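Topology and contacts: notes
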Amino acid sequence: MLQVGGKMPSFAAADETGKMVTDKDLIGKKTVIYFYPKDSTPGCTAEACNIRDNYHAFLAQGYQVFGVSKDSQASHIKFKEKYDLPFPLLSDPTTEMLQAFGAWGEKKNYGKVSMGTLRKTFVFNAEGILERIIEKVDTKNHSAQIL
């Protein structure tokens, strides 16, 4: 399980354009990686748009931002275009990255238990060391939680 002070897990995932992004590519810059359940759903849209609306503040503090879900690249393209999202969305259909970060697990919905994406955000320093985990995400004010 990924804990504060630990290193960024190894991963390779394609962004919406098909470009592969790996953990090694992210070293050298502060990084925010946020995991969300599904493109174009109300909570996920609110979260993405809140980060979009405050993206300049992330850049000003030297952060690169990546959103991750198990949605396809095609779904990510539509989501990015519809809401004009300025940051890459990584596609993890196998849930390998989700599992490596501890963002895949049991969810309870209306009394039903199923496996799914846990909404979590990870903040890394430029060396790839985890500084913070946000597990209780406020989708409408997520940027304030991170920054």
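Residues numbered from 1 in each chain as written. Predicted model: local features only at pLDDT ≥ 70, side-chain atom pairs only at ≥ 80, totals over all residues. Heavy atoms only, no water.

On to the pairing of strand E3 (residues 30-35). Counting buried positions along E3 yields 5 of 6 residues, so the element is predominantly enclosed. Two elements, E3 and strand E4 (residues 63-69), share 6 bridges in a ladder whose sense is parallel. Residue pairing across strands places Phe 35 opposite Val 68, the latter belonging to E4. (Buried < 20%, exposed > 50% of the residue type's maximum accessible area, 1.4 Å probe, protein only. Helix = DSSP H or I, 4+ residues; strand = E, 2+ residues; numbered from the N terminus. Pairing = 2+ DSSP bridges.)

Inspection of every chain in the model, using the stated rule, returns 10 aromatic pairs. On the basis of an interplanar angle of 90° and a centroid distance of 6.1 Å, the ring pair of Phe 101 and Phe 124 is categorised as edge-to-face. Taken together, the residues span a long stretch of sequence, with Phe 101 in helix H5 (residues 96-101) and Phe 124 in strand E8 (residues 120-124) at a distance of 23 residues. Neither residue differs from the other here; Phe 101 and Phe 124 are each classed as buried. It is Lys 30 that lies over the ring of Tyr 63; its NZ or CZ is 4.5 Å from the centre. (Phe/Tyr/Trp six-rings, centres within 6.5 Å; stacked < 30°, edge-to-face > 60°. Lys NZ or Arg CZ within 6 Å of the ring centre and 35° of its normal.)

Right, let's get into the pairing of E8. Among the 5 residues in E8, 5 count as buried, and that is most of the element. Where E3 and E8 come together, 5 bridges link them in antiparallel fashion. Across the sheet, the residue bridging to Tyr 34 is Thr 121, located in E8. Here 4 bridges tie E8 to strand E9 (residues 130-134), and the two strands are oriented antiparallel to one another. Pairing of Val 123 across the sheet is with Arg 132, part of E9. Connecting E8 to the antiparallel partner E9 that follows it, the hairpin turn spans 5 residues, and Gly 128 within it adopts a positive phi of roughly 85°.

Before going further, it helps to spend a moment on helix H4 (residues 73-83). Here H4 has its buried residues at His 76, Phe 79 and Lys 80. Seen from one end, H4 has its buried residues packed into an arc of 95°, which puts them on one side. Exposed residues on H4 whose side chains face more than 90 degrees from its buried face are Lys 78, Glu 81 and Lys 82. Buried residues in H4 make contact with helix H2 (42-53), E4 and strand E5 (89-91). (Arc of directions from axis to C-beta. Contact = heavy atoms within 4.5 Å.)

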